Amino acid sequence: MLDAALKHLPLVAILRGVKPEEVEAIADALYVEGFRVIEVPLNSPNALDSIARLARRMPADAVVGAGTVLSVQAVADVEAAGGKVIVMPHADVAVIRDAKARGLFCVPGAATPTEAFAAVNAGADAVKLFPAELVTPSVMKAMRAVLPRELRLLPVGGITPDTMAVFKNAGASGFGLGSALYAPGLSAAQVAERARAFVQAWRAL
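Bear in mind that the values here come from a model prediction, so they are computed numbers and not experimental data.

K.L.:
Just give me the short version of the packing of aromatic side chains, but keep the residues and values in it.
P.N.:
Here the structure, examined in full by the defined rule, presents two aromatic pairs. Centroid distance Phe 175 to Trp 202: 6.1 Å. Interplanar angle 80°. Geometry classified as edge-to-face. Placement of Phe 175 in strand E9 (residues 175-177) and of Trp 202 in helix H9 (residues 188-204) is noted, with a sequence separation of 27 residues between them. The pair formed by Phe 175 and Trp 202 is uniform in burial state, with each residue classed as buried. Taken together, the ring pairs connect Phe 167, Phe 175 and Trp 202 into an aromatic cluster. Just above the ring of Tyr 31 sits the side chain of Arg 36; from NZ or CZ to the centre is 3.6 Å. Lying across the ring of Phe 130, Lys 128 places its NZ or CZ 4.8 Å from the centre.

Shown next as structure tokens:
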């Protein structure tokens, strides 16, 4: 399901700071623009409420889950809310293994080959290269050369429509999109406009 969603559009919408009362309209707008993976970081206001709302609302081909998942307890909380994907800023193998044991998708963060291989060996479905400001395209290209060819690598951090090409040429499979896509205070229409720019930039590649 995550694989199909990322094949449709390999861009993950990160809604850090979104509030439950606005999340549905924003997610609807993202879905219309082609997004199929939506992440609500757990340090957002009432994040589990937002995840539960999206789990109930979004079409079956959308994958909803949580970001900034730091513990096994948080994995359980996200599962209870209906989330299907666990996104992490780090590569804690205990959290990865717990997510996989629950039948959830897991995209841990890594900044080094050691972390990336540990994540893969623990069952990661993809690896988030984070922060992308640190894992530059040249660093990512070197990591791509040694990591499993089929592994999806998703740079996250400071990505804009203008910076995607250099990462894609270095081997990026897609991207996680944060504040350049959604920032607190933006309307659903404003997010849709930003989403359109990202989708057009990706398809141009």
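K.L.:
Which residues make up the pairing of strand E1 (residues 11-14), and what are the values?
P.N.:
Put simply, side chains in a regular strand alternate between the two faces of the sheet. Covered by surrounding structure in E1 are Leu 11 and Ala 13 together with Val 12 and Ile 14, the residues of both alternating faces. Two elements, E1 and E9, share three bridges in a ladder whose sense is parallel. Bridge pairing links Leu 11 to Phe 175 in E9. Pairing analysis gives three bridges linking E1 to strand E2 (residues 37-41), with the strands arranged parallel. Residue pairing across strands places Ile 14 opposite Glu 39, the latter belonging to E2. Handedness of the E1-helix H2 (residues 20-33)-E2 crossover: right-handed.

What counts and how
- Residues numbered from 1 in each chain as written.
- Predicted model: local features only at pLDDT ≥ 70, side-chain atom pairs only at ≥ 80, totals over all residues.
- Heavy atoms only, no water.
- Phe/Tyr/Trp six-rings, centres within 6.5 Å; stacked < 30°, edge-to-face > 60°.
- Helix = DSSP H or I, 4+ residues; strand = E, 2+ residues; numbered from the N terminus.
- Buried < 20%, exposed > 50% of the residue type's maximum accessible area, 1.4 Å probe, protein only.
- Lys NZ or Arg CZ within 6 Å of the ring centre and 35° of its normal.
- Pairing = 2+ DSSP bridges.
- Right-handed = clockwise from strand over helix to strand, strands pointing away.

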